[in-house]
Amino acid sequence: MKTRHLIALLLAAAVLTAWLLWPRGVPVDVVKVERSPLTQSVVATGRIATPSRIELGTQVTALIDAVAVREGARVQAGDALVKLRATDADAAIEQARSQIAEAQARFTQLDAVGLPVAEQAVKQAEANLRVAEAEYQRAQALVAQQFYSPSKLDEAARQLDNARAQLRTAQAQRDANTPRGAERATAQARLAQATAALDTARAKRDLLTLRAPVDALVIARDAEPGDVAQAGRALLTLAEDGETRIHATLDEKNLRYLQLDAHAQAVADAFSGQSFDAVVYYLSPAIDAQRGTVEVRLRVPTPPAFLRPDMTVSVEVVIGRKPSALSLPLEAVRDVDGGSPWVLLARDGNAVRVPVKIGLRGVGRVEITDGLNEGEVAILPAGGAVDGDHIRIKPPRGAPGPTPNLGR
């Protein structure tokens, strides 16, 4: 019995000693304030955009005879892409050419026939007038001598008036056939009208051949031979060749960090392992009130070959970089998004609240610009310690914990 009591007393003493020697205080995890490279960036999601997108359509309703390209084809400015049935347009062109030929023949007729005949008619009318004048004078003299009755003089006067009228008509006809005359002016007007009709017919026929307005990539084809093209309906969609761009949106709270010419790294979702450079060139002056986002546009100076219009890309815009920044993990800084960030430090076995100022925010780390020194130990919030608590620092994960000194 004495032996059993002795063993029990020894065990009780050992437990009491272990309890007295075991470290006390709130167990906490800590990290050190260290210097390291730090980069701050914002991430946005966007799509690859081309300088412009062109929907190629027709202004008239016509049957499609041929479509020369398919999706993915590259075209040059002026290439014929779609041909529409042009039977009526060709007939109108031939009709206009005939009208031009007729108008030109009229000029030939005026020069070869009209003007010479008119000049001869004037000469004949002048001769007739001279005869009528002589006959009138003779009749006047004979009536005065009472050889003719007065009616004979009236007849001679009428013939003289007719001769004068015929001369005026012949002269007018001759004048109309001269280079500045009415007949030539009429012929000139008919020729101009026929030429305009030919230009109109050709323009209408040109509308029936749809050509590439710029160098571009065909990204959609919505027409086949035999279809009826409707005015205003897109037959082909083209993406203009030129500078590759990214149109992205990001949360408006990041707007204060962005600036023009900021450099970025982009990666396409379809080629996640191949990043490429981009540069910010446009920040929208307006905010999307529905989504609380702002549009950002970036240029891609050297686009990789795999980029396609409308590809989804993720963009990381670098807004700050320091090769050696005093920093802590993000979780160690309390109220980091508030107006008064602070850190709970481990000092002399106690938890002490220290206000800090922050700078760059990297991936998982925050720059401390004021309030802490390199090497100080910050308490992570997981342990639940508060300002003034007596603390016990936990050993790093994987390290052996403290063992009580039980004695012998």
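Residues numbered from 1 in each chain as written. Predicted model: local features only at pLDDT ≥ 70, side-chain atom pairs only at ≥ 80, totals over all residues. Heavy atoms only, no water.

Moving on to the packing of aromatic side chains. Tallied over the entire structure, the rule returns one aromatic pair. On the basis of an interplanar angle of 25° and a centroid distance of 4.2 Å, the ring pair of F271 and F306 is categorised as stacked. Placement of the pair is F271 in the loop between β13 (263-268) and β14 (275-288) and F306 in the loop between β15 (293-300) and β16 (312-329), with a sequence separation of 35 residues. Sitting over the face of the ring of Y282, R297 holds its NZ or CZ atom 4.5 Å from the ring centroid. (Phe/Tyr/Trp six-rings, centres within 6.5 Å; stacked < 30°, edge-to-face > 60°. Helix = DSSP H or I, 4+ residues; strand = E, 2+ residues; numbered from the N terminus. Lys NZ or Arg CZ within 6 Å of the ring centre and 35° of its normal.)

Taken in spatial order, the four strands make up an open sheet running β4-β11-β9-β6, and their pairing is antiparallel. Every interior strand has two partners, whereas the edge strands, β4 (53-57) and β6 (74-75), have only one. (Pairing = 2+ DSSP bridges.)

For D261, which is not glycine, the phi torsion reads 70° and is therefore positive. Here D261 is to be found in the loop between β12 (244-251) and β13. Non-glycine residue D310 carries a positive phi angle of around 75°. Looking at where D310 falls in the secondary structure, it is placed in the loop between β15 and β16. Here D310 falls in the partly exposed class, since its relative accessible area comes to 37%. (Buried < 20%, exposed > 50% of the residue type's maximum accessible area, 1.4 Å probe, protein only.)

What follows covers the pattern of salt bridges. As enumerated under the stated definition, the model contains 13 salt bridges in all. Between E224 and R70 there is a salt bridge whose closest N-O contact spans 3.8 Å. Linking E224 in the loop between β9 (216-221) and β10 (228-229) with R70 in the loop between β5 (62-67) and β6, this pair joins segments that are 154 residues apart in sequence. The class for E224 is partly exposed, based on a relative accessible area of 31%. Between E94 and R97 there is a salt bridge; the shortest N-O distance is 2.9 Å. With a gap of three residues between them, E94 and R97 both fall in helix α2 (residues 87-144), about one helical turn apart. The class of E94 is partly exposed, set by a relative accessible area of 43%. Given the relative accessible area of 38%, R97 is considered partly exposed. One salt-bridge network, held together by shared partners, links R70, R221 and E224. (Salt bridge = Lys/Arg side-chain N within 4 Å of Asp/Glu carboxyl O.)

Glancing now at the sheet that holds strand β8 (residues 209-211). Note on sheets: strands pair through backbone hydrogen bonds, and any given pair is parallel or antiparallel. Pairing is antiparallel across the open sheet formed by four strands, whose spatial order is β8-β7-β5-β10. Because the sheet does not close on itself, it has two edges, and the strands there are β8 and β10. Where strand β7 (residues 80-84) meets β8, three bridges bridge the pair, whose relative direction is antiparallel. In the sheet register, A80 faces β8, and the bridge partner there is R211.

Moving on, we get to the confidence of the model for the protein chain. Mean pLDDT over the protein chain works out to 79, with 82% of the residues at or above the 70 mark. pLDDT under 50 marks residues 18-22. Its contacts with residues more than four places away, or in other chains, come to seven contacts. Throughout residues 398-408 the model reports pLDDT below 50, and contacts reaching past four residues in sequence, or to other chains, amount to eleven contacts. (pLDDT = per-residue confidence, 0-100. Contact = heavy atoms within 4.5 Å.)

Let us look at the nonpolar core. Of all hydrophobic cores here, the largest spans 25 residues; its most connected members are I246, F276, L298, V315 and V317. Among the secondary structure elements, those contributing two or more residues to this core are β3 (34-49), β12, β13, β14, β15 and β16. Other than its neighbours up to four places away in sequence, V315 contacts V42, V43, A44, I246, A264, Q265, A266 and L298. In this structure, L81, V82, L208 and A223 belong to the second largest nonpolar core, which totals 22 residues. (Core = buried A, V, L, I, M, F, W, Y, C linked by side-chain atoms within 4.5 Å.)

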